[in-house]
Amino acid sequence: MKIEDARERILGEYIYAPINQPPFDRSLLDGYALIAKDTINASKENPKILKVVDEVFQEDIQIENLKKMRL
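Residues numbered from 1 in each chain as written. Predicted model: local features only at pLDDT ≥ 70, side-chain atom pairs only at ≥ 80, totals over all residues. Heavy atoms only, no water.

Structural notes on the overall build of the chain
- A tally of regular secondary structure across the chain gives zero helices and zero strands.
- Across the 71 residues that make up the chain, the buried fraction comes to 0%.
- Of the roughly 8,200 Å² of accessible surface on the chain, a fraction of 53% belongs to carbon and sulfur atoms. (Helix = DSSP H or I, 4+ residues; strand = E, 2+ residues; numbered from the N terminus. Buried < 20%, exposed > 50% of the residue type's maximum accessible area, 1.4 Å probe, protein only. Areas by Shrake-Rupley, 256 points an atom, 1.4 Å probe, with all protein chains shown as cover.)

Structure below.
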């Protein structure tokens, strides 16, 4: 199956990468920023659907702008 055709499909089994890429932890840069009040009463049984409204990539972040950013 082409990757373009795989959107919104579910794997029937786990897949594992033979190597880590990048070869070091990047958790400081991975994740989502959200507004806490949007998650009130959220749980596994009562999930909240949040809309992704923007993306920020590492190469676009300048240290002097971090204080000004509202995530």
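Let's talk about unusual backbone geometry
- The phi dihedral of Glu-8 falls on the positive side, at around 65°, and the residue is not glycine.
- Of the residues examined, Glu-8 reaches a relative accessible area of 73% and is grouped as exposed.

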